[in-house]
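# An overview of the molecular structure
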Amino acid sequence: MAWASTIDGRRKGACLFCQEYFMDLYLLAELKTISLKVTTVDMQKPPPDFRTNFEATHPPILIDNGLAILENDKIERHIMKNIPGGYNLFVQDKEVATLIENLYSKLKLMLVKKDETKNNSLLAHLKKINDHLASRDTRFLTGDTMCCFDCELMPRLQHIRVAGKYFVDFEIPVST
């Protein structure tokens, strides 16, 4: 289950974790290792069966053969250990993990502080990610196939693109 958009309560919403896990699972569905059904939940008006089964739990919620997994770290572990092909998504790469872990906090600082220094800090961080991709000469962050880091980075880039433009007229440069 994913958080629904506040626009109409049906489309997929802007929850980073929901988007990240959707991408992980969609990739596995594309590889035909699982079948995937995404249900969006309007948290302003959750359906009665959602309230009954999950009380005040916010998505993402992974339901696998009737087993509900409610916490982000447990969802990740479940995908890695119990879903065919899931272990391939969760590669270990400390350099990449460090590279993308502070990206979202730099966006938040830029939105709160609204000054050129914070914009430059975010731009410098984006450049580090770009330089990493160029130095590895691979299609994705850790190789030529997508992994958990790519599924984590892409929703963050989308948030930077949308929120940055809307709130502070920031745009991710096309070239560095």
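Higher on the page you've got the structure.
This text gives an overview of the structure that appears in the document. Given the structure is predicted, the values throughout are model-derived calculations rather than measurements. (Residues numbered from 1 in each chain as written. Predicted model: local features only at pLDDT ≥ 70, side-chain atom pairs only at ≥ 80, totals over all residues. Heavy atoms only, no water.)

When helices and strands are tallied, the protein shows eight helices and four strands. Listed N to C, the secondary structure of the protein is β-α-β-α-β-β-α-α-α-α-α-α in terms of helices and strands. On C-alpha atoms alone, the protein measures out to a radius of gyration of 18 Å, which is about the 16 Å that the 2.2 N^0.38 rule sets for 176 residues. Projected onto the principal axes, the alpha-carbon positions of the protein cover approximately 50 × 35 × 20 Å. Residues classed as buried in the protein amount to 37% of the 176 residues present. For the protein, restricting intrachain contacts to residue pairs at least 6 apart in sequence, the fraction spanning at least 24 positions comes to 57%. On the protein, roughly 11,000 Å² of surface is accessible, and the fraction owed to carbon and sulfur atoms is 52%. Averaging the coordinates of the 23 positive side-chain charges in the protein and doing the same for the 23 negative ones gives two points 4 Å apart. (Helix = DSSP H or I, 4+ residues; strand = E, 2+ residues; numbered from the N terminus. Rg over C-alpha atoms; globule rule 2.2 N^0.38 Å. Buried < 20%, exposed > 50% of the residue type's maximum accessible area, 1.4 Å probe, protein only. Contact = heavy atoms within 4.5 Å. Areas by Shrake-Rupley, 256 points an atom, 1.4 Å probe, with all protein chains shown as cover. Lys, Arg positive; Asp, Glu negative; His and termini not counted. Charge placed at Lys NZ, Arg CZ, Asp CG, Glu CD.)

Let us look at the packing of helix H5 (residues 94-101) against helix H7 (residues 116-136). Two numbers describe how H5 lies on H7: the axes approach to 9 Å, and their chain directions differ by 155°. Considering the angle they form, H5 stands roughly antiparallel to H7. When the axes of H5 and H7 are compared, the crossing they make is left-handed. On H7, the residues that touch Glu95, Val96, Leu99 and Ile100 of H5 are His125, Lys128, Ile129, His132 and Arg136. Looking at the contact of H5 with H7 residue by residue, the classes come out as four nonpolar, two polar and three charged. (Axes fitted to C-alpha atoms, helices over the stretch in contact; angles between N-to-C directions. Parallel < 35°, antiparallel > 145°, perpendicular 65-115°, else oblique. Left-handed = near helix turned anticlockwise from the far one by under 90°. Nonpolar A, V, L, I, M, F, W, Y, C, P; charged D, E, K, R; others polar.)

This paragraph deals with the packing of aromatic side chains. Following the criterion strictly, the structure yields three aromatic pairs and no others. Seen in terms of ring centroids, Tyr166 and Phe167 are 4.8 Å apart; in terms of plane orientation they differ by 90°. Their pairing is edge-to-face. The pair Tyr166 / Phe167 is uniform in exposure class, with both members exposed. (Phe/Tyr/Trp six-rings, centres within 6.5 Å; stacked < 30°, edge-to-face > 60°.)

All right, on to the pattern of salt bridges then. Proximity of charged atoms lets side chains of opposite charge pair with each other. For the structure on display, the rule yields eight salt bridges. A salt bridge links Glu95 to Arg136, with the shortest nitrogen-to-oxygen separation between them at 3.5 Å. Of the two residues, Glu95 sits in helix H5 while Arg136 sits in helix H7, which places them 41 residues apart along the sequence. Among the residues examined, Arg136 registers a relative accessible area of 27% and is labelled partly exposed. Close ionic contact of Asp131 with Lys127 constitutes a salt bridge, the shortest N to O distance being 3.1 Å. Taken together, the positions of Asp131 and Lys127, both in helix H7 and four residues apart, correspond to about one turn of that helix. (Salt bridge = Lys/Arg side-chain N within 4 Å of Asp/Glu carboxyl O.)

The next point concerns unusual backbone geometry. Omega for the peptide link from Pro59 to Pro60 comes to 10°, which places this bond in the cis form. If you trace the backbone, Pro60 turns up in the loop between helix H2 (48-54) and strand E3 (62-64). A positive phi angle, close to 60°, is found at Lys32, a residue other than glycine. Structurally, the position occupied by Lys32 is in the loop between helix H1 (16-30) and strand E2 (40-41). Classification of Lys32 as exposed rests on a relative accessible area of 74%. Positive phi, close to 55°, is recorded for Asp169, a residue that is not glycine. Following the sequence through the fold, Asp169 ends up in the segment after helix H8 (148-168). Judged by its relative accessible area of 54%, Asp169 is exposed.

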